[in-house]
Each structure stands twice: as C-alpha cells, then as structure tokens.
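Examining the three-dimensional arrangement
Chain by chain, the residues run as shown.
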Amino acid sequence: MATVKLWTDAEAEAHPKVKAVFDDIRATRKSDFVNNFWRGLANQPESLERVWSTLKAVMGAPGPLDPLTRELIYIAVSITNACSYCIHSHTAAARAKGMTDAQYSDFLAVVGMASQTNALVTGLQLPVDAAFLIES
C-alpha cells in the first residue's frame, strides 16, 4: 500500500502542472497509462516535473547507449537497490524495447555473478591491481 495519495486522472486534470506532465508522459510513451510512480510524485508537482524531465533526458534522448541497454542498466541498479517497483517497471520497458527471455536470463546471470564477486572482493578487501588503474 502506498504511503502517499495516488492522484487520479480527474485530480491531475484540475492541476495545470500535474496535467501537463501526465499529458507529456502519455504523449512520450504513446500510451494512456500513467503509472503509480508518477501518480505518487504528483503530490509534489515541482518534483514530478523535475524528475520526469530528467528521466526523459537520460532515458529517452539519443546517445551512445541504445534504449534497451539503458533499461538493462536501470534494472541492474534497481536490483542492487532492492527496488521491486523499478525492477518490474523497467523489465516491462526492456521487454517493450525487444528484450527476449534468453537475453533476460543471461542478463540476470551476469548481475548475479557481479553481486557475488563484488561481495567477495569487498569482504576480502583486495587492493585494485595497478594494471586496472587509469593514469591521467
């Protein structure tokens, strides 16, 4: 259960800033669906506007990383941070961007391996090899 009110479409329509963001979410995603993350953030219209703008710039703007790679990175960080909501929403987004079941299985194997070796290196407190350090 949410710890904040989730705005309805009718409530969003009555607040110009929230309405503008919800309309942009729908237009950008070519969908009528506005998920609970945005509905919860609507309680703080300035934060809603700022976070949507930043997310759009980072996840949607053209760049050297393709959209599926960006979603996979988002999922990996969400797994690390134990954010179930983000794991589910960005897995759905990755699937919509073409991720196959085989790719997802392989991805999860890599994330699991990284988590295991990261924990070992952290526990062992191993120094970084000089060959891995970038000289400036």
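Just above sits the structure.
So, here is what we can say about the structure in this document. All figures in this text were calculated on a predicted structure; none of them were measured in a lab. (Residues numbered from 1 in each chain as written. Predicted model: local features only at pLDDT ≥ 70, side-chain atom pairs only at ≥ 80, totals over all residues. Heavy atoms only, no water.)

Attention now goes to the overall build of the protein. The helix and strand tally for the protein stands at 7 helices and 0 strands. When the helices and strands of the protein are placed in sequence order, the string is α-α-α-α-α-α-α. At 19 Å, the protein has a C-alpha radius of gyration far larger than the 14 Å of a compact globule built from 136 residues. Here the protein holds 136 residues, and the buried ones make up 25% of them. The long-range fraction of contacts in the protein, counting pairs at least 24 apart against all pairs at least 6 apart in sequence, stands at 46%. Only carbon and sulfur atoms are counted for the fraction: they give 63% of the accessible area of the protein, which is about 9,300 Å². (Helix = DSSP H or I, 4+ residues; strand = E, 2+ residues; numbered from the N terminus. Rg over C-alpha atoms; globule rule 2.2 N^0.38 Å. Buried < 20%, exposed > 50% of the residue type's maximum accessible area, 1.4 Å probe, protein only. Contact = heavy atoms within 4.5 Å. Areas by Shrake-Rupley, 256 points an atom, 1.4 Å probe, with all protein chains shown as cover.)

Further remarks concern the pattern of salt bridges. Following the criterion strictly, the structure yields 10 salt bridges and no others. The salt bridge partner of E13 is K19, with a shortest N-O separation of 3.9 Å. Measuring nitrogen to oxygen at the nearest pair gives 3.7 Å for the salt bridge that ties E49 to K17. Here E49 is found in helix α4 (residues 45–60), whereas its partner K17 is found in helix α2 (residues 16–29), with 32 residues between them in sequence. For E49, a relative accessible area of 37% puts it in the partly exposed group. Shared partners join several salt bridges into a network, and the residues in it are D9, R26 and R39. (Salt bridge = Lys/Arg side-chain N within 4 Å of Asp/Glu carboxyl O.)

Let us look at the packing of aromatic side chains. According to the stated counting rule, one finds 3 aromatic pairs in the structure shown. Taking the centre distance of 4.8 Å and the plane angle of 80° together, the rings of F37 and W38 count as edge-to-face. We classify F37 as partly exposed; its relative accessible area is 36%. With centroids separated by 6.1 Å and ring planes inclined at 20°, the aromatic side chains of Y104 and F107 adopt a geometry described as stacked. Of the two residues, Y104 and F107 are both situated in helix α7 (residues 101–124); the distance of 3 residues between them amounts to about one turn of the helix. Owing to a relative accessible area of 15%, Y104 belongs among the buried residues under this scheme. An aromatic cluster of at least three residues, connected via ring pairs, comprises F37, W38 and W52. The ring of Y104 has R95 lying over it, and the distance from NZ or CZ to the ring centre is 5.2 Å. (Phe/Tyr/Trp six-rings, centres within 6.5 Å; stacked < 30°, edge-to-face > 60°. Lys NZ or Arg CZ within 6 Å of the ring centre and 35° of its normal.)

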